[in-house]
Amino acid sequence: MSKIAFVFPGQGSQKVGMGQDVAAEYQEAKAVYTAADAKLGYSITDVIENGPMELLTKSENAQPALVSTSVAILKALETYGVQADFVAGHSLGEYSALVAGGFLSAEDAIYLVHRRGKLMEAAVPNGQGAMAAVLGLDRETLGAITDSVTTEGDDVQLANLNCPGQIVISGTVAGVEKAGERAKDAGAKRVLPLAVSGPFHSKLMVPAAEQFQAELDKVTFQDGTIPVVNNVDAKATTDKNAIPEKLVQQIYSPVLWEDIVTNLVAEGVDTFVEIGSGKVLSGLIKKINRDVTILAAGDVASVKEVAEQLKEAAKQ
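Rules and cut-offs
Residues numbered from 1 in each chain as written. Predicted model: local features only at pLDDT ≥ 70, side-chain atom pairs only at ≥ 80, totals over all residues. Heavy atoms only, no water. UniProt positions renumbered as here; feature names shortened; annotations may be inferred. 1 Å grid on protein atoms, 1.4 Å probe; cavity = no way out; pocket = protein on both sides within 12 Å on 5 of 7 lines; lining within 4 Å. Helix = DSSP H or I, 4+ residues; strand = E, 2+ residues; numbered from the N terminus. Contact = heavy atoms within 4.5 Å. Buried < 20%, exposed > 50% of the residue type's maximum accessible area, 1.4 Å probe, protein only. Polar contact = N/O pair within 3.5 Å; in protein donor to acceptor, adjacent residues only side chain to side chain. Axes fitted to C-alpha atoms, helices over the stretch in contact; angles between N-to-C directions. Parallel < 35°, antiparallel > 145°, perpendicular 65-115°, else oblique. Left-handed = near helix turned anticlockwise from the far one by under 90°. Nonpolar A, V, L, I, M, F, W, Y, C, P; charged D, E, K, R; others polar. Core = buried A, V, L, I, M, F, W, Y, C linked by side-chain atoms within 4.5 Å. Domains from an automatic or database assignment. Buried area = accessible area lost by both parts, 1.4 Å probe. Salt bridge = Lys/Arg side-chain N within 4 Å of Asp/Glu carboxyl O. Pairing = 2+ DSSP bridges.

On to the UniProt feature "active site" (unreviewed entry) in the protein chain. Taking the UniProt record as the reference, the feature "active site" (unreviewed entry) is found at S91 and H201. Spanning 111 residues, the named residues form one tight spatial group whose C-alpha atoms are at most 8.7 Å apart. In this structure, the largest pocket is lined, among the annotated residues mentioned, by S91 and H201. Relative to the assigned elements, S91 resides in the loop between β2 (86-89) and α6 (93-100). When neighbours within four sequence positions are excluded, S91 is seen to be in contact with R116, H201, N231, Q250 and V255. Given a relative accessible area of 3%, H201 falls into the buried group.

Here it is as structure tokens:
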């Protein structure tokens, strides 16, 4: 029996105008943006529509903009009666997954990520943190390097375990630079500094995580109707009580994306549908497992195409 996972992208996938053609065609999608604007007290829709990119890329805007867009496209897709067996998201995308899984209302998810973006932005003074993608090194070797650099006094850790041979490290500027140099010495093909505003998914984010706990206490979680596979442990759950703690930990813990995809395949998932802006996750999933079907819904044409393909597959 074929199983489907809906997966949702994280920060970095934003682009000006994303989701707006879907909102124009589907009332259900438009309603998500309208509700987001009301909840935030300013028009995130205007920021998405008109930019500029610098404004959209600020974490406090990028995060609610991406969740709004993913959920809007999800709502359009749901009008065709398609359903997932599992949901998951990369970092920020986990909030879109929680909405899709029935754990959280769209408005509460959008409120939370707006606050999350502000707290993450403020946690480390600008210019003191960094992230870099390390290509061509395994996690054990790179983990040993980051541990040794941290022990020497410059904090750095594994942040995103994206796919075989692509791991993002995060920490202080000095820590990331040292770990990057040692990674090259250990055989990494390339080390690419990332244009980010802070050292996300590192221990430097603990102050933001502690403050975020108070925000989580303001919203109501329900038991999920679809299991979500969490970033911090790559395990599936429908238990509402497990979610808030995982969301706090997620801010300073590595995103176990490779493990999430591997575990979903082990659960029988053979079709992944990336819902939202861009196709970053589709590329990563392809590198993790070449045998699965990967679809992406990001605009009106692809929403209709994905709905057709899923309905066709359900008949077989």
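On to the side chain of Q14. Relative to the assigned elements, Q14 resides in the loop between β1 (3-8) and α1 (20-25). A distance of 2.7 Å separates a polar side-chain atom of Q14 from the backbone nitrogen of G12. Apart from residues no more than four positions distant in its own chain, Q14 is found in contact with M53, L56, T57, A62, L66 and S277.

Between helix α12 (residues 257-266) and helix α13 (residues 280-288), whose axes approach to 10 Å, the crossing angle comes to 65°. It follows from the interaxial angle that α12 and α13 lie roughly perpendicular. Where α12 crosses over α13, the two elements pack in a sense that is right-handed. On α13, the residues touching W257, E258, V261 and T262 of α12 are L281, L284, I285 and I288. In the contact of α12 with α13, the residues fall into 6 nonpolar, 1 polar and 1 charged.

What follows covers the nonpolar core. Across soluble globular proteins, nonpolar side chains show a tendency to be buried alongside one another. By size, the foremost hydrophobic cluster in this structure holds 72 residues, and its most contacted members are F6, L77, V87, L112 and V273. Among the elements that make up this core, the one with the highest residue count is helix α5 (residues 59-78) (9 residues). Residues from two domains meet in this core; each of domain 1 (3-123 + 204-314) and domain 2 (129-196) gives at least three. Setting aside anything within four residues of it in sequence, one finds L112 in contact with Y95, L104, F212, E215, L216, V219 and F221.

Our next topic: the domain arrangement of the protein chain. Looking at the assigned domains, one finds that the protein chain contains domain 1 (3-123 + 204-314) and domain 2 (129-196). On a C-alpha basis, the centres of domain 1 and domain 2 stand 26 Å from each other. With 13 residues of domain 1 at the contact, the number on the domain 2 side is 13 residues. Contact between domain 1 and domain 2 buries roughly 1000 Å² in total, counting both sides, with carbon and sulfur atoms accounting for 51%. Linking domain 1 to domain 2 there are 2 salt bridges. Across the pair E258 and R139 runs a salt bridge whose closest N-O atoms are separated by 3.8 Å.

Here the focus is the sheet that holds strand β4 (residues 156-163). One open sheet accounts for 4 strands, arranged β4-β5-β3-β6; its pairing is antiparallel. This sheet does not close on itself; its edge strands, each paired only once, are β4 and β6 (190-193). Across the sheet, the mean angle separating the axes of adjacent strands is 25° when strand polarity is ignored. Relative to strand β5 (residues 166-172), β4 runs antiparallel, the two being bridged by 6 bridges. For Q157, the partnering residue across the bridge sits in β5 and is S170. Contacting β3 (129-135), β4, β5 and β6, helix α9 (residues 173-185) runs over the sheet at an angle of about 145° to β5.

The full count for this structure, using the stated rule, is 11 salt bridges. For the salt bridge of D154 with K178, the shortest nitrogen-to-oxygen distance reads 2.5 Å. Residue D154 is located in the loop between α8 (139-151) and β4, and its partner K178 is located in helix α9; the two are separated by 24 residues in the primary sequence. Relative accessible area serves as the criterion here: at 35%, K178 is assigned to the partly exposed category. Between D233 and K246 there is a salt bridge, and its shortest N-O distance comes to 3.5 Å.

Another aspect to go through is the packing of helix α7 (residues 106-123) against helix α10 (residues 206-216). Running from N to C, α7 and α10 point in directions that differ by 160°, and their axes come no closer than 9 Å. The orientation of α7 relative to α10 falls into the category roughly antiparallel. The handedness of the crossing between α7 and α10 is right-handed. Mapping the contact onto sequence places Y111, L112, R115, R116, L119, M120 and A123 in α7 and A208, Q211, F212, E215 and L216 in α10.

It is worth spelling out the UniProt feature "domain: Malonyl-CoA:ACP transacylase (MAT)" (unreviewed entry) in the protein chain at this point. The residues that UniProt annotates with the feature "domain: Malonyl-CoA:ACP transacylase (MAT)" (unreviewed entry) are residues 7-299. Across residues 7-299, the secondary structure splits into 49% helix and 16% strand, with the terminal C-alpha atoms separated by 16 Å.

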